[in-house]
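This is what each chain is made of:
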Amino acid sequence: MRRVLVRSLGVLLLAGTLLAGGASAAGAPDPEQRIDTAEPWVWPIPHGIRVVAPWVAPPHAYGPGHRGLDVAAEVGSEALAPASGVVAFRGDVVDRPLLTIDHGGGLVSTLEPVESDLSPGDAVARGQVVGRVAVGGHAAAGSLHLGVRLDGDYVNPMLLLGGVPRAVLLPCC
């Protein structure tokens, strides 16, 4: 049931489109319809969150789409664990250095391109620095890709992140 609900939400909630100024097929995302986790997830970079490539749900399991989201991040900057878990994989896949974290409950996140000294089996805490943003893969230089799978199916990371933090306006003078 949870898998079907999450898959449906991932297809309907095109949060990245909303971030880019458009509207999703389902209208504004309902903040009540997030994936329940033991702890809230955090963005994979420490500050200055700017989504440069949003989640785009594929029309079917093998269709085109963007199964994750890319955030602006300078090469060499810190990459953070979005939630506590255990490193499942660290290494290169084709031309991209990856770090995959198993968060339990069927949730697995992948950060790329990320160079890390961690090894499979290492425990990580939510918000812990797990590596440094590198180059390679499909993510444009200067960005970090966050992909999330639930029971093997890709889901929209925005369902776990709770949306983009509100901008804080500061006095200009």
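Before reading on, note that the structure itself is shown above.
Residues numbered from 1 in each chain as written. Predicted model: local features only at pLDDT ≥ 70, side-chain atom pairs only at ≥ 80, totals over all residues. Heavy atoms only, no water.

**Q** Could you give me a rundown of the pattern of salt bridges, with the residues and numbers involved?
**A** Evaluation of the coordinates by the stated rule reveals three salt bridges. Here Arg-126 makes a salt bridge to Glu-39, at a shortest N to O gap of 4.0 Å. With a gap of 87 residues between them, Arg-126 in the loop between strand E8 (123-124) and strand E9 (129-133) and Glu-39 in the loop between helix H2 (15-19) and strand E1 (51-53) connect regions that are remote in the sequence. With relative accessibility at 23%, the residue Glu-39 sits in the partly exposed group. With a closest N to O distance of 3.9 Å, Arg-96 and Asp-95 form a salt bridge. Judged by relative accessible area, Arg-96 falls into the partly exposed class, the value being 24%. Salt bridges linked by common partners bring Asp-95, Arg-96 and Glu-112 together as one network. (Salt bridge = Lys/Arg side-chain N within 4 Å of Asp/Glu carboxyl O. Helix = DSSP H or I, 4+ residues; strand = E, 2+ residues; numbered from the N terminus. Buried < 20%, exposed > 50% of the residue type's maximum accessible area, 1.4 Å probe, protein only.)

**Q** An account of unusual backbone geometry is needed here, citing residue identities and associated values.
**A** The omega angle of the peptide bond from Glu-112 to Pro-113 is -10°, so this bond is cis rather than trans. Mapped onto the elements, Pro-113 comes out in the loop between strand E6 (107-112) and strand E7 (114-115). Phi at Val-94 is positive, roughly 55°, even though this residue is not glycine. Considering the arrangement of structural elements, one finds Val-94 in the loop between strand E4 (85-93) and strand E5 (96-104).

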